Amino acid sequence: MSFDMDVDVVIVGAGGCGLTAAIALHEACPQASVAVLDKAERACGNTVLSSGSIPASGTRFQRAAGVHDTPEMFQEDLGRIAGEHEAMHLTRALTETSARLVEWLVDRANVRLTLVETYKHIGHRVHRLHSPPSRRGADLVDDLLRECERLGIPVAWSNGVSDVRRLDGERFCVECATPDGAVTRIGARHVVLASNGYAANRRLLARFVPEVAAAPYGGGMGSEGEAIAWGEALGAGLANMKAYQGHASLADPHGALVTWTVIEKGGFIVDASGQRFGDESMGYSAFSAVELQRTGPFWVIADTQVRDVTAAGQEEYAELVTHGGVLTGTAQALSARCGIDADGLQATLNVARASAAGAADPFGRTQWGLGPLGDTLTATRISPAIFHTQGGLAVDADGRVLRADGSPIAGLWAGGGAACGISGNRGSLGYMSGNGLLAALGLGLRIGQAAGAEIKEATS
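Residues numbered from 1 in each chain as written. Predicted model: local features only at pLDDT ≥ 70, side-chain atom pairs only at ≥ 80, totals over all residues. Heavy atoms only, no water.

The test is simple: UniProt positions are given in the numbering used here, feature names are shortened, and annotations may be inferred rather than shown by experiment.
Where an unreviewed UniProt entry is consulted, the protein chain appears under the name FAD-binding dehydrogenase, with the organism given as Bordetella genomosp. 12. Taken verbatim from the UniProt record of the protein chain, the Cofactor (unreviewed entry) comment is "FAD".

As structure tokens, then:
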């Protein structure tokens, strides 16, 4: 078969994983030719929609802040949340890579990252989240794109890949549709599947996680699961397919994330009866499953101190406050305005204040952030949603796609949402903040370095 283009590596997807893999590949093997393809017209995937938080243990930024952390501590924290699962080798590899990843992003990829010291999020015993100063994943992707441009790595937008198939024992044919509708065939010895997961594909959700097949979706619209189809056609195995990241706090109807920091600082969640219905400290992903079993709407109740402290450190939440998504008033006034049962909310508020002051909480919650809420409260209407899947193609520690028998498929790599993750295999229960980006960028780094080493060895 003749090709319109012939390269060493095709990277499918220009998000956090794909761009990191491209930069790492260029560093490991500058002579390797690469094509990065994305079906969207601009960067709009789940990395862009995230807070850009990458958990890492033992970084120099932690040491400078006096934070002691190790990969073993990180693994223990993940284990408490996710339990044993089908990709424990990735948990070990990614936690051990995490400090190197963050420092490589800053030093070699020119990404702006700082240690987040104002919150830790559920499951992390120490401050280990590193994110752009803005706490926006869009800035993380912009920095990666800027580095690709500086290095001369081509990124082709509006080039949707329609097929990835093996032609012979060594080469792949990647077909993509160009903006004018023409089909381009690209030959490559290596293909990196970095096209995210399948949370926007209702058919695949029904196959793997039917309990959320009809749930609202809050992630990138490009997450349609093409990598699963291509991988299975090429003989790939799957792992951790029951796992997904939900979020219990999507602003309704604004659509913006209501950061879980509001909960961690002392807020709680009620339904129309004004009553709580679970331990919010289990985390935003696990609590989404609790909400999905009930009938909404739901509200985050906090106070102006929590609001102001949170808004001071997180721009997206500050914008929600500015645009009227966070209502303010007394318990009685908010009840009337939101349609919440006033007596129920007041009773819940009394119990929550007592629990925050040291009394036993009916749901077992022990962490109340800034303490009992004040008299001037805030209310934000929310709904639960699924954001991204955490299961995918089975891969080894460097992102090589594996068959069901554990043997690698030569030249085929996967990372990010296209690959199995480290969030266990129990629905939304195993997700800890940053798991998705650690898997995306951590595997991107490892794929780029491993594929670059293979190309360099083959051409030497």
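### Observations concerning the pairing of strand S2 (residues 34–37)
Heads up, the rule is: Three exposure classes are used, based on accessible area relative to the maximum for each residue type with a 1.4 Å probe and protein chains only: buried under 20%, partly exposed in between, and exposed over 50%. Helix and strand labels come from DSSP, where a helix needs a run of H or I of at least four residues and a strand needs a run of E of at least two; each type is numbered from the N terminus. Only strands joined by at least two bridges in the DSSP assignment are considered to pair. A crossover gets the label right-handed when its path from the first strand over the helix to the second runs clockwise, viewed with the strands pointing away from the viewer.
The alternating pattern of S2 places Val34 and Val36 and Ala35 and Leu37 on opposite faces, both of which are buried. The pairing of strand S1 (residues 5–12) with S2 spans four bridges and is classified as parallel. For Val9, the partnering residue across the bridge sits in S2 and is Val34. Read from S1 through helix H1 (residues 16–28) to S2, the crossover connection turns out right-handed. By the bridge criterion, two bridges tie S2 to strand S6 (residues 155–156) in an arrangement that is parallel. Looking at the pairing, Leu37 lines up with Ala156 of S6.

### Describing empty space enclosed by the protein
Taking a probe equal in size to a water molecule and rolling it over the atoms shows the remaining empty space. The test is simple: Only protein atoms enter the 1 Å grid, on which a cavity is a set of points fitting a 1.4 Å probe that cannot get out and a pocket is an open set with protein on both sides within 12 Å along at least 5 of 7 lines, lining residues being those with an atom within 4 Å of a point. Grid points are joined across faces, edges and corners, and a volume is the space filled by probe spheres set on the points. Amino acids outside the nonpolar list (Ala, Val, Leu, Ile, Met, Phe, Trp, Tyr, Cys, Pro) and the charged list (Asp, Glu, Lys, Arg) are all regarded as polar, and Gly is one of them. Domain start and stop positions are those given by an automatic or database domain assignment.
Evaluation of the coordinates by the stated rule reveals one cavity of 30 Å³ or more. By volume, the largest cavity is sized at about 90 Å³. Ranked by residues supplied to the lining of the largest cavity, first place goes to helix H10 (residues 284–292) with three residues. Broken down by class, the residue content of the lining of the largest cavity amounts to eight nonpolar, four polar and no charged. When we break the lining of the largest cavity down by domain, the ones giving at least three residues each are domain 1 (5–240 + 390–458) and domain 2 (245–386).

### Side note on the UniProt feature "domain: FAD-dependent oxidoreductase 2 FAD-binding" (unreviewed entry) in the protein chain
The sites that carry the UniProt feature "domain: FAD-dependent oxidoreductase 2 FAD-binding" (unreviewed entry) are, in the present numbering, residues 8–424. For residues 8–424, the helix share is 33%, the strand share is 21%, and the end-to-end C-alpha distance is 34 Å.

### Things to note about the packing of H1 against helix H15 (residues 435–459)
Put simply, the rule reads: Helix axes are fitted to C-alpha atoms over the stretch in contact, other axes to C-alpha atoms as well, and angles between N-to-C directions run from 0 to 180 degrees. The sense of a crossing depends on the near helix, which, turned anticlockwise from the far helix by less than a right angle, makes the crossing left-handed and, turned clockwise, makes it right-handed. The contact criterion used throughout is that any non-hydrogen atoms of two residues lie within 4.5 Å.
Taken N-terminus to C-terminus, the directions of H1 and H15 make an angle of 35°; their axes are 7 Å apart at the nearest point. Where H1 crosses over H15, the two elements pack in a sense that is right-handed. Note on element contacts: H15 touches H1 through Ala440, Leu441, Gly444, Leu445, Gly448, Gln449, Ala451, Gly452, Ile455 and Lys456, opposite Gly16, Cys17, Thr20, Ala21, Ala24, Leu25, Glu27 and Ala28. A class-by-class count of the residues in the contact of H1 with H15 yields ten nonpolar, six polar and two charged.

### A look at the pattern of salt bridges
When their charged atoms lie close together, side chains carrying opposite charge are able to pair. Put simply, the test is: Salt-bridge detection follows one rule: a side-chain nitrogen of Lys or Arg within 4 Å of a carboxyl oxygen of Asp or Glu.
Across all of its chains, the model carries 32 salt bridges by this definition. As a salt-bridge pair, Arg400 and Asp396 come within 3.2 Å of each other at their nearest N and O atoms. In this structure Arg400 comes out as partly exposed when scored by relative accessible area, which is 22%. When salt bridges with common partners are traced through the structure, they connect Asp69, Glu76, Asp77, Arg80, Arg125 and Arg128 into a single cluster.

### Things to note about the packing of helix H4 (residues 71–82) against helix H5 (residues 88–107)
Formally: Reported orientations rely on four angle classes, namely roughly parallel under 35 degrees, roughly antiparallel over 145, roughly perpendicular from 65 to 115, and oblique for the rest.
Contact geometry for H4 and H5: axes closest at 9 Å, N-to-C directions at 135°. Compared by their axis directions, H4 and H5 come out oblique. Considering the relative orientation of H4 and H5, their crossing is right-handed. The segment H4 lies against H5, with Pro71, Phe74, Gln75 and Leu78 engaging Thr91, Arg92, Thr95, Glu96 and Ser98.

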